[in-house]
Amino acid sequence: MSAEIKVKRQSSRKRSRDRRISHLTPARKRTSASGRQCPDNTGQIELSRALDKSMDAKFSEYCSDPEDLFGDYDSIVSDSSFLAKLDRVGQNMRPHDIDHTTSSRCPVILLAGNPDFTSLKSSTDNCPKQSCDDSMTESFLEGFTDDAFLDMPSSQLAFLQDPQTADRNCCTDEDKTSMPMRHPEKSVSTEERNERHIAPKARKSVSDHLKRAMMANAATPSSVSRTAVQKEAVVTEEISVAMQAMESVSMATTDLGPFFGLPTKVKELICNLKGIKDLYEWQKTCLNLDSVQQRRNLIYSLPTSGGKTLVAEILILKEILCRKKDALFILPYVSLVQEKVRGLASFGLELDFMVEEYAGSKGRFPPVKGRGKRSLYIATIEKAHGLVNSLIETNRLDNVGLVVVDELHMLGDGSRGAIIEMTLAKVLYISKSTQIIGMSATLGNLQDIQKFLKAESYTNDFRPVELKEYVKLKDSIYEVDPKEEECFRFSRVLNFKYSSAMQKIDQDHIVALVTEVIPSQSCLVFCPTKKNCENVAGMICKYLKEDFIQHKQAEKAVLLGELRSSGNGSLCPVLKKTVPYGLAYHHSGLTSEERKLVEEAYSAGVLCLLTCTSTLAAGINLPARRVILRSPYVAADFLKRSQYKQMVGRAGRAGIDTHGESILILQDKDKVLVKKLVSAPMEICKSNLMHSDGKGVLSLILSVIGLNITNSLEQIRDFMSGTLLSVQEKQVCLERSLWEVTQECVELLKEKGLVTVSTEPQDGSLQVTKLGRATYKGSVDLTYCDLLYRDLSKGLESLMLNSFLHLIYLVTPYDMVSQCKPDWMVYFRQFTMLSAAEQKMCAAVGVSESFVARKAAGQNVKKNVDQVVVSRLYLALVLQSLLKETDLWSVADRFQLSRGFIQTLLSSSSVFCSCVLHFTEELEEFWPFKALLTELTRRLTYCVQAELIPLMEVAGVMERRAKQLYNAGYKTLAHLANADPNVLAKTVENLFKKQANQIVASAKMLLNEKADALQEEMDDLLMMPLDLLSL
Ligand SMILES: Nc1ncnc2c1ncn2[C@@H]1O[C@H](COP(=O)(O)OP(=O)(O)OP(=O)(O)O)[C@@H](O)[C@H]1O
Ligand SMILES: [Mg+2]
């Protein structure tokens, strides 16, 4: 072999050794091993070039003496030269680079006589020379339910046929771990094992197949006469096939099966776990787009309920299974993240990848390396940003092959939009090989976003169920038709017989409109305020006939029981009244557990009507036959086009309704605005980096300097040119150019002491200060970082540790303060109940008993008291009560706050606590906080009796369910992970089989994750120090 090939071979051998890292492997080697675990495309191109070159250079060498190779067919077996070279080249390849289509494509002629392959697939007929993955996918698409084997690539068929080989090949790192429970073999069938280990098996396949093919051809009693010409033809043929194989190996295409390149098992799982038997046409088209096949960035936009998620999930699986890369799925809400984690955990277990939750205070930075297993990170917007930062910091962002952003229009949503933009800008700048996919139902300015993401786009109007939009004005219903001059076309007159009393109370005829559909069909009523939701639900019940109570009576009784037990015996008086009629309200004032119970009951048809605020429109998928918009307002603001579309988009339940309908109730005064609303184009989604006086730009620049992405003004300028803000510079920056804004921000960061210029001679680069590092690492809002530093420093001087109050005070989120006004009587009463030490601490932070007493007595206080401190301490008292009692209801009652607010306070405190923890970790002077805040974060996250915490770590298991599980004997995570879902569903009251399955799958996943983290810690501990050899 040429020198070049030799070099390659050596490095690849080293690579394969590296893959089998022992505890004594020096760190230097490990670093390189991990670096190569998921090399980027550059590596692939290099490899491909090297292979091509070496093949070119050595072509004549191979052919120089055909007799050596083919003079005697038997000699092929003994002659190692060519096959050994193939073997070596095969070894030189990274396993996941191998294109499995190769094995089906290359042996078209060669394999004709090979019984291993031809028994299942005829050679030329089923495997034309064109790209196999195309043909596979197409044929599969034609008949989704057809025989899987017919369309399966021969590579996959070979795996299925040859389980022993598959087993031999599946000795991965995981098999060497001492975690017997991770893959209980007893429950894994041979077929499943084969499926799981398709990739390791595939590693050998190219050279193996070629070798076997040639041997088979050689062994075939050939009718070919052995004249020199014919021999040469055979040689040429063989070599050209071999070269084709090598070329395709180096391409990034990977195809593990017929289901859009995925194994048939994925299709089966989608059918079994999601109940989806066939893809919609648009989904098939989208998955077959060139941009998707070639992994270019893509934005796809379809109406609500169009089935966008499934496409994203298939692409994620493809990235994980075929390209062996990690994937990041960004969703806007914690509840959506939890729902996805629960739903995809079973996929992870079946297909052998990790599903990790990044929401609230959950999620590790940087993530555990996974020891050879790929990970799917499912994250909220904020957590995804933290995750990407930590991956950049550890040089691991290239491992993430795909980032999917759901509800991409949230780019235009205040500070959260700014965080999405920062995350994507960093990914775009640093990891060119990472594909970005965004989806949305409501994008008005696709072009801007496309330019920002360098993405292609796909749009389609598909809705599984037809949507008819109506408005109601006085007694008439009009169909919305933007094509008509008036926008509305008369549809019908309402002729409801209302008594005069009823007419007074229900002027908008809501009762009549809902009773046209309920109880047999479902209805959502969007209301402008939370209070209005409760009132409307109560009002409707008042006029419903007793018959409604009979409908699903037993199920409603169960629901009420569950609601009561979620409130530790307390039940919301409104729900108590409405649930028997099949109605409930749904808004942020409910606890998350109540919301979940209401949602589940609505999905199951136990409840037939929900009155809700606009938040339901963007959250969980809860369609209805009829959607009523009580008015075109959200609080005092007129509806935005995107909000309207999200709300009406909930109408029509796929698979149940033939059509869905929405009715917007409007008054004369709003007629003109509503015309605009129903016909205007979607709002433009603008960059939010300039939101709140450019806070986004400031924190983006701080973090790009801190993460060493940029360290000069010029580089920052270059980075900023890749943002959405740059695309929309003229619209958003207004008076100044982006360059001016950037320079100002850098100066401001210097003034704030967050950024400094290096003092090294000849350097002059920008660096973050310790405070700057702490700020971006803790994701602390720049507005509060100084204040937080001062508060923590002051706290250290007299930290009171005989109660939680002082620590809680220090992690009470600053941005919640303005949302609550203290009730002075309650404040005073609580204050007097504090211990002497606690009162002393309160006085030390600036709130004395006399001040609160005077306020409670209604007196004016002249003394200058910091209102923020006073209110913050009040919230800390609420949190302390919660930690002590763990009963949300009684605390809400005592402080006269809604339980929803208290829960929001609790969850934002737990998140802020973990932020403060990361902040203090970067500042030596705050060393005592580390241990203290680690425990406090845990307590605030769960806020239940300690014994329930391990169970509540499982995605979506809330307090009530944890109690049930605990009482049924499932006391630890290991109990849950090893539980039989059938038994679990039978033992635990009102737990459906599907939910039991999801709980067990999520628990298994979490247990694996924890075990991996420990294993990684052990590896690090036993790793030989880098510099040992030089000592
Ligand atoms: N091919 C399919 N066949 C049947 N049902 C499907 C199919 N694809 C998706 N669905 C179902 O359709 C429903 C809506 O899908 P999904 O939540 O992905 O919609 P979406 O496009 O993301 O809408 P939104 O914009 O409201 O989030 C889900 O219950 C999903 O399981
Ligand atoms: Mg969606």
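- Where an unreviewed UniProt entry is consulted, the protein appears under the name Helicase POLQ-like, with the organism given as Oncorhynchus tshawytscha.
- As its UniProt record puts it under Sequence similarities (unreviewed entry), the protein is described as follows: "Belongs to the helicase family. SKI2 subfamily."

So, the overall build of the protein
Here is step 1: Helix and strand counts for the protein come out as 53 helices and 19 strands.
Here is step 2: Buried positions account for 55% of the 1031 residues belonging to the protein.
Here is step 3: Considering only contacts within the protein whose residues lie at least 6 apart along the sequence, 73% involve residues at least 24 apart.
Here is step 4: For the protein, the exposed area adds up to about 44200 Å²; of that, 52% sits on carbon and sulfur atoms.

Remarks on the site of ligand 1
Here is step 1: Close contacts around ligand 1 come from 16 residues, with Asp278, Gln283, Ser305, Lys308 and Thr309 the closest.
Here is step 2: In the environment of ligand 1, an oxygen atom lies 2.7 Å from a nitrogen or oxygen atom belonging to the backbone of Ser305.
Here is step 3: Here Lys308 contributes a side-chain N or O atom positioned 2.8 Å from an oxygen atom of ligand 1.
Here is step 4: For ligand 1, whose accessible area on its own is 630 Å², the fraction buried by protein is 76%.
Here is step 5: Looking at which element gives the most residues to the shell around ligand 1, the answer is helix α19 (residues 308-321), with three residues.

Some words on the sheet that holds strand β12 (residues 583-586)
Here is step 1: The sheet built from eight strands is open, its strands ordered β10-β9-β8-β17-β14-β11-β13-β12 with mixed pairing. The open sheet has two edge strands, β10 (488-493) and β12, and neither has a second partner. On average, each strand axis in the sheet is inclined to that of its neighbour by 25 degrees, with strand direction left out of account.
Here is step 2: Pairing of strand β8 (residues 466-473) with strand β17 (residues 659-666) involves eight bridges; the strand directions are parallel. Residue pairing for β17: Val471 is matched across the bridge by Leu664.
Here is step 3: Across the sheet, helix α30 (residues 592-603) is in contact with β11 (523-526), β12 and β13 (609-612); its angle to β12 comes to roughly 135 degrees.
Here is step 4: Along the sheet, helix α32 (residues 641-648) contacts β8, β9 (476-480), β11, β14 (626-629) and β17; its crossing angle with β14, the most-contacted strand, is approximately 145 degrees.

Some thoughts on helix α21 (residues 381-393)
Here is step 1: Its 13 residues place the ends of α21 19 Å apart at the C-alpha level, agreeing with the 18 Å of an ideal helix rising 1.5 Å per residue.
Here is step 2: Of all the 13 residues making up α21, eleven are buried; the element is thus mostly covered by neighbouring parts of the structure.
Here is step 3: Of all the residues in α21, the buried ones are Ile381, Lys383, Ala384, His385, Gly386, Leu387, Val388, Asn389, Ser390, Leu391 and Ile392.
Here is step 4: Looking at the buried residues of α21, the elements they touch are β2 (326-330), β3 (354-358), β4 (375-379), β5 (400-405) and α22 (414-430).
Here is step 5: In the stretch just after α21, Asn395 is the one whose phi turns positive, near 60 degrees.

Observations concerning the state of the cysteines
Here is step 1: All chains considered together, the criterion is met by zero disulfides.
Here is step 2: Between Cys612, a free cysteine, and Cys533, which holds the nearest cysteine sulfur, the sulfur-to-sulfur gap is 6.2 Å.

Here we look at the environment of Leu607
Here is step 1: By the element assignment, Leu607 lies in the loop between α30 and β13.
Here is step 2: For the pair Leu607 and Gly582, spaced 25 residues apart in the sequence, the C-alpha separation amounts to 4.3 Å.
Here is step 3: With residues near it in sequence (within four places) discarded, Leu607 still touches Leu559, Val579, Gly582, Leu583, Ala584, Val598, Ala601 and Tyr602.

Rules and cut-offs
Residues numbered from 1 in each chain as written. Chains lettered and ligands numbered in written order. Predicted model: local features only at pLDDT ≥ 70, side-chain atom pairs only at ≥ 80, totals over all residues. Heavy atoms only, no water. UniProt positions renumbered as here; feature names shortened; annotations may be inferred. Helix = DSSP H or I, 4+ residues; strand = E, 2+ residues; numbered from the N terminus. Buried < 20%, exposed > 50% of the residue type's maximum accessible area, 1.4 Å probe, protein only. Contact = heavy atoms within 4.5 Å. Areas by Shrake-Rupley, 256 points an atom, 1.4 Å probe, with all protein chains shown as cover. Near = heavy atom within 4 Å. Polar contact = N/O pair within 3.5 Å; in protein donor to acceptor, adjacent residues only side chain to side chain. Pairing = 2+ DSSP bridges. Axes fitted to C-alpha atoms, helices over the stretch in contact; angles between N-to-C directions. Expected span 1.5 Å × (residues − 1). Disulfide = S-S within 2.5 Å.

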